Amino acid sequence: MKRSDEILIKTPAQLAGCRAAGEKAAEVLRILCEAVRPGMSTKALDDFALEAMRSLGCSSADFGYYGYPAQTCISVNEAVIHGVPREDVVIHDGDLVSIDITVSYGGFVGDNARTVVVGEGAPEARAFVERTEEALRAGIAAARPGNRVGDISHAVEVVANRYRYGIVREYVGHGCGVSMHEAPEIPNYGPSGRGPLLREGMVICIEPMLTMGSRRIRVLDDGWTVVTADGSLACHTEQMLAITKAGPEILTPR
Ligand code: MF3
Ligand code: CO
Ligand code: CO
């Protein structure tokens, strides 16, 4: 996706706007994670998201973005990200469902995602979700002024490698807030100590995209849905945060 190349330092007023949009995105994500049930189609979940956004007074930032045809991205099992909700994709007990919610509110954008295991699920699936969260937390812990983007990337990579998961490389985290995708790009792999310097007032999304098999991906004929090339399970989680003196401030609290 195209990003403006300048890294924005948000003013306190802009940070307040990002915080408000982040809270809306987090609330919609919570509502959807609680609504997921076996037998539901991903389209039914998307419809439910539209309702939730309406009642919260925000709107989807996804809809119409480069022609994106839905309100949310819902990616099941081997789907990694950008899953286009469909009537004929039905959720089953034990599925891994990644729900990615991006909203516009008050002129700002909030973006967050989470993968849930439907029902009890397999122990490997539950561990996969927990370890992907661990990778995200490691990345967040590195998001401090004076560090570099590569410190975040490397922290995520170390955790993913520890568990021998594949790391998707074609898609990355990003600056966010005034628009959905801003500079800098935040890869989930790479050397520490490199890349743009993190400064107070930056707002970024960190979003590990891991696989239980090969890191290779392909895009379905719908032009959006990214799936693992080998059909292995994928997991995706995302938080939006501000870089502050006191450390990372999560703008999309779980
Ligand atoms: N929420 C996604 C991200 O984390 C982007 C959504 S792509 C869209 O960057 F096409 F659905 F808008
Ligand atoms: Co997202
Ligand atoms: Co994002």
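Before any of the text, the structure's been laid out above.
Residues numbered from 1 in each chain as written. Chains lettered and ligands numbered in written order. Predicted model: local features only at pLDDT ≥ 70, side-chain atom pairs only at ≥ 80, totals over all residues. Heavy atoms only, no water.

### Concerning the packing of aromatic side chains
(1) Moving on: Applying the stated rule across the entire model yields 4 aromatic pairs.
(2) Moving on: Pairing Phe128 with Tyr165 gives two aromatic rings, centres 4.6 Å apart and planes at 50°, and the pair type is tilted. With Phe128 in helix H3 (residues 123-141) and Tyr165 in the loop between helix H4 (149-162) and strand E6 (166-167), this residue pair connects regions lying 37 residues apart in the sequence.
(3) Moving on: Residue class for Tyr165 comes out buried when judged on its relative accessible area of 9%.
(4) Moving on: A connected cluster of aromatic rings, assembled from ring pairs, spans Phe128, Tyr163 and Tyr165. (Phe/Tyr/Trp six-rings, centres within 6.5 Å; stacked < 30°, edge-to-face > 60°. Helix = DSSP H or I, 4+ residues; strand = E, 2+ residues; numbered from the N terminus. Buried < 20%, exposed > 50% of the residue type's maximum accessible area, 1.4 Å probe, protein only.)

### Re the pairing of strand E9 (residues 203-206)
Remark: a regular strand shows side chains that alternate across the two faces of the sheet.
(1) Moving on: On E9, burial covers both faces: Val203 and Cys205 on one face and Ile204 and Ile206 on the other are all buried.
(2) Moving on: Two elements, strand E7 (residues 173-175) and E9, share 2 bridges in a ladder whose sense is antiparallel. Along E9, the bridge assignment pairs His174 with Cys205.
(3) Moving on: Direction of pairing for E9 relative to strand E14 (residues 239-244): antiparallel, over a ladder of 4 bridges. (Pairing = 2+ DSSP bridges.)

### Overview of the site of ligand 1
(1) Moving on: Taken together, the neighbourhood of ligand 1 is formed by 14 residues, with Thr102, Asp111, His181, Glu207 and Glu238 sitting nearest.
(2) Moving on: Note that a nitrogen atom of ligand 1 is positioned 3.0 Å from one of the side-chain N or O atoms of Asp100.
(3) Moving on: Measuring from an oxygen atom of ligand 1, one finds a side-chain N or O atom of His181 at 2.7 Å.
(4) Moving on: Summarising the interface, the protein chains cover 98% of the accessible area of ligand 1, which totals 340 Å² for the free molecule.
(5) Moving on: Of the residues assigned to the shell around ligand 1, the class counts are 5 nonpolar, 4 polar and 5 charged. (Near = heavy atom within 4 Å. Polar contact = N/O pair within 3.5 Å; in protein donor to acceptor, adjacent residues only side chain to side chain. Areas by Shrake-Rupley, 256 points an atom, 1.4 Å probe, with all protein chains shown as cover. Nonpolar A, V, L, I, M, F, W, Y, C, P; charged D, E, K, R; others polar.)

### Here's the deal with the packing of helix H1 (residues 12-35) against helix H2 (residues 42-56)
(1) Moving on: Between H1 and H2, whose axes approach to 10 Å, the crossing angle comes to 140°. Classified by the angle their axes make, H1 and H2 are oblique. Crossing angle aside, the handedness with which H1 passes H2 is right-handed. Only Leu45, Phe48, Ala49, Ala52, Met53 and Leu56 of H2 make contact with H1, whose side of the interface consists of Lys24, Glu27, Val28, Ile31, Leu32 and Ala35.
(2) Moving on: Residue composition of the contact of H1 with H2, grouped by class: 10 nonpolar, no polar and 2 charged. (Axes fitted to C-alpha atoms, helices over the stretch in contact; angles between N-to-C directions. Parallel < 35°, antiparallel > 145°, perpendicular 65-115°, else oblique. Left-handed = near helix turned anticlockwise from the far one by under 90°. Contact = heavy atoms within 4.5 Å.)

### As for the packing of H3 against H4
(1) Moving on: Viewed as axis vectors pointing N to C, H3 and H4 meet at an angle of 155°, and their least axial separation amounts to 7 Å. Judged on the interaxial angle alone, H4 and H3 are roughly antiparallel. Considering only the axes of H3 and H4, their crossing is right-handed. Of the residues in H4, those in contact with Arg131, Glu134, Ala135, Ala138 and Gly139 of H3 are Ile152, Ala155, Val156, Val159 and Arg162.
(2) Moving on: Tallied by class, the residues present in the contact of H3 with H4 amount to 6 nonpolar, 1 polar and 3 charged.

### Some thoughts on the coordination of the cobalt ion (ligand 3)
Ideal values for angles at a metal depend on the geometry: 109.5 degrees with four tetrahedral donors, 90 or 180 degrees with six octahedral donors.
(1) Moving on: At the metal site, the cobalt ion (ligand 3) is ligated by Asp111 (OD), His174 (NE2), Glu207 (OE) and Glu238 (OE), and these contacts range over 1.9 to 2.2 Å.
(2) Moving on: In this structure, the cobalt ion (ligand 3) is coordinated by 6 donor atoms arranged in irregular fashion, with angles at the metal of 52 to 173°.
(3) Moving on: Counting the intervening residues between successive donors of the cobalt ion (ligand 3) yields the motif D-x62-H-x32-E-x30-E.
(4) Moving on: The metal-metal distance between the cobalt ion (ligand 3) and the cobalt ion (ligand 2) is 3.3 Å, with Asp111 coordinating both. Taken as a pair, Asp111 in strand E5 (residues 108-117) and Glu207 in the loop between E9 and strand E10 (209-211) lie far apart in primary sequence, 96 residues in all.
(5) Moving on: Of the residues examined, Asp111 reaches a relative accessible area of 2% and is grouped as buried. (Donors = N, O, S within 2.8 Å, 3.2 Å for Na, K, Ca; no water. Tetrahedral: all angles 85-135°; square planar, octahedral: opposite > 155°, others 65-115°.)

### Notes on the coordination of the cobalt ion (ligand 2)
(1) Moving on: Protein coordination at the cobalt ion (ligand 2) comes from Asp100 (OD), Asp100 (OD), Asp111 (OD) and Glu238 (OE), with a distance range of 2.0 to 2.4 Å.
(2) Moving on: Every donor counted, the 6 donor atoms about the cobalt ion (ligand 2) form angles of 57 to 171° at the centre, which fits irregular coordination.
(3) Moving on: Mapping the donors of the cobalt ion (ligand 2) onto the primary sequence gives the spacing D-x10-D-x126-E.

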